[in-house]
Amino acid sequence: MAVHTPRENLWDVLLGLAWVLFTTTGAKAAAVSATPAQTFTGIGGSGAWWPNDLWHFPETTRQNLSSLLFSPSGLGLSSYRYNVGAGGVNVSNPTRAPETFYVSPGVYNFSADPQGVYFLNEAAKRGVASITAFANSAPPRLTSGGASCNGQFVNGNGNAYGTFLSDVVAHFRSGGINISLISPMNEPDSTFGPSPCGQEGMQVMPSQRAEVVNGLWNALSARGLASTVGILADESSSLGNAGNEYSAWLPQVIDKVAALVHHTYDFPSDASYTSYVTNTNKQFPGKQTWMSEICCSLGNADGTGKGYTQGYDPTIKNALMFSSLVFQSLVLVNEPHYDFWTLVSNGLGCSPLNNPSCATNANSNGWNDGLIYYDGSYAGNGNFQLYIKKQFWTYKHFGNFVKPGSQRRAITGSDATKFMMGVTDSSNFYVIAMNPNTTDSTLTLTFPESVCATEAHRTSASEDFASIAAATQSGSSWSLPLKGTSLNTYIFARRSC
Ligand SMILES: *[C@@H]1O[C@H](CO)[C@@H](O)[C@H](O)[C@H]1NC(C)=O
Ligand SMILES: *[C@@H]1O[C@H](CO)[C@@H](O)[C@H](O)[C@H]1NC(C)=O
Ligand SMILES: *[C@@H]1O[C@H](CO)[C@@H](O)[C@H](O)[C@H]1NC(C)=O
Ligand SMILES: *[C@@H]1O[C@H](CO)[C@@H](O)[C@H](O)[C@H]1NC(C)=O
Ligand SMILES: *[C@@H]1O[C@H](CO)[C@@H](O)[C@H](O)[C@H]1NC(C)=O
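Small disclaimer: the values here were computed from a predicted structure and weren't measured.

What follows concerns the side chain of K390. Looking at where K390 falls in the secondary structure, it is placed in helix α11 (residues 390-401). At 3.4 Å, the side chain of K390 forms a polar contact with the backbone oxygen of E463. Apart from the residues within four sequence positions on either side, K390 is in contact with P314, T315, I316, A319, T459, S460, A461, S462, E463 and D464.

Shown next, in the form of structure tokens:
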């Protein structure tokens, strides 16, 4: 600790006065960095398992849903994860039992899974830039139990499994659907047994993971796709598992993996997340890590109290809690890509036809695993309504303004918080800033170049991505009001006014 001279004490008093002025007016000062941080590659989520239900909805609803997910008028997602089904053998819940293309070695039924393929096509048609094919299990013929869950990857099947996945991806690519990433093992840490299972799953022991990657790489290479289709691994369910298990497989195949993707069902603290990313970067320099799945948490707007749990909360509190997780990945640890889990869910936990406030009130029976919800009893009661949760509107800020190729700019200064970031493309700065507190505040922001405020959007308890007044200029800085409990995007053109 430094010893203060009297002169420094005077300076402290002046700074203290300035601080009192700032805090009494509710203003906070911060600056957008002149230096780009990471370049973003995608914001999205997964096509499991809702396509199996939503495919049965009226065509107008399927089109509406596709626009809500993939068009700029909706979330504007730039990443979509198509689930390559394993046939759902021994999966008891039919919604979670996707059909498989696999018939026998080298023989495929590409008329299978019209449900998943419908929404895959809609994503591609609407220009989603990053499309991943991911699998929870290999087809039953290639697993230890001859089922789509409650079994393991079988040593020696790497090439056969890689051939299947590569043929599927080559098939779609030849039809104009630009699948550019494959993830062969989603949550390899579990079998998802016992049977009958709640979902597909295949355990891949850490010692088996290199074979899965090698088999896929060999098959992609044989089809001339190894440099255009990247392999993602290993989708461990927690950062703890991922980091602990890398040494057992990753050094053998590090050059064949495009990115290290993880889930965060351990809901890591800032310190654990930072330590995972720092250690991974140290061991595997130049390899990006990113979020490929998360859902299902309650907790507070500032991210405290988060953790894997049942419960449905459609309110701004939960929407900001999930936003705090996005900021944690993008701001705290510089990850370039973020995928939420199922996007669309039947986990309302109540019956909207019997209870008019079902979709808008929190309950403890449902699940926070979607952004858009539907009535799981649609087949019997004919209710084809879509229900939009507040989290849809907060995620729209990221989907609409964090586009592939855009870059993050840190926001620094004593009044910057971990829940704000700048994003630049060639024409604009987007300042995405959350106020998890109940009191209103104003962020006073300076930029490293001339900018001119053009528009702004806010999501709060009463507003859904509402247009609000653009930031206002005073001298060399800009004022960005941050209403209590809200997520805001202020847009600035890269030119003077
Ligand atoms: C292919 O899949 C479709 C859709 O599930 C099914 O109707 C058809 O019978 C399958 N064809 C073969 C040859 O298995
Ligand atoms: C396919 O996707 C990749 C990765 O997003 C992209 O680099 C490439 O330009 C795309 N190709 C086409 C033909 O759209
Ligand atoms: C699949 O279900 C059948 C019938 O219940 C059972 O005999 C078989 O053991 C199950 N397979 C696995 C891998 O659990
Ligand atoms: C799409 O669904 C949303 C949510 O139910 C609804 O508000 C909107 O009016 C629908 N749009 C169309 C064009 O049907
Ligand atoms: C919210 O409150 C925390 C703790 O007092 C404070 O550090 C932070 O600056 C506040 N955030 C905003 C946006 O006002």
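As a further point, take the domain arrangement of the protein. When cut into domains, the protein gives domain 1 (28-37 + 405-493) and domain 2 (39-401). Computed over C-alpha atoms, the centres of domain 1 and domain 2 are 30 Å apart. Domain 1 puts 30 residues into the contact, and the matching count from domain 2 is 21 residues. Of the roughly 2300 Å² buried between domain 1 and domain 2, counting both surfaces, carbon and sulfur atoms make up 70%. Its largest share of buried area at the contact with domain 2, domain 1 owes to R408, F465 and L487, together 25% of the area lost on that side. The interface formed by domain 1 and domain 2 holds 2 salt bridges in total.

Moving on: the state of the cysteines. A full pass over the atoms with the stated rule returns 4 disulfides. If one numbers only the bonded cysteines of the protein, in the order they occur, the disulfide pattern is 1-2, 3-4, 5-6, 7-8.

By way of backbone hydrogen bonds, the strands of a sheet pair with one another, either parallel or antiparallel. Strand order in this open sheet of 3 strands is β12-β13-β14, and the pairing throughout is mixed. Each of the sheet's edge strands pairs with one partner strand only, and the pair in question is β12 (344-345) and β14 (386-388). Against the sheet, helix α3 (residues 59-70) engages β12, β13 (372-374) and β14, with an angle of about 20° to β14.

About the criteria used
- Residues numbered from 1 in each chain as written.
- Chains lettered and ligands numbered in written order.
- Predicted model: local features only at pLDDT ≥ 70, side-chain atom pairs only at ≥ 80, totals over all residues.
- Heavy atoms only, no water.
- Helix = DSSP H or I, 4+ residues; strand = E, 2+ residues; numbered from the N terminus.
- Polar contact = N/O pair within 3.5 Å; in protein donor to acceptor, adjacent residues only side chain to side chain.
- Contact = heavy atoms within 4.5 Å.
- Domains from an automatic or database assignment.
- Buried area = accessible area lost by both parts, 1.4 Å probe.
- Salt bridge = Lys/Arg side-chain N within 4 Å of Asp/Glu carboxyl O.
- Disulfide = S-S within 2.5 Å.
- Pairing = 2+ DSSP bridges.
- Axes fitted to C-alpha atoms, helices over the stretch in contact; angles between N-to-C directions.

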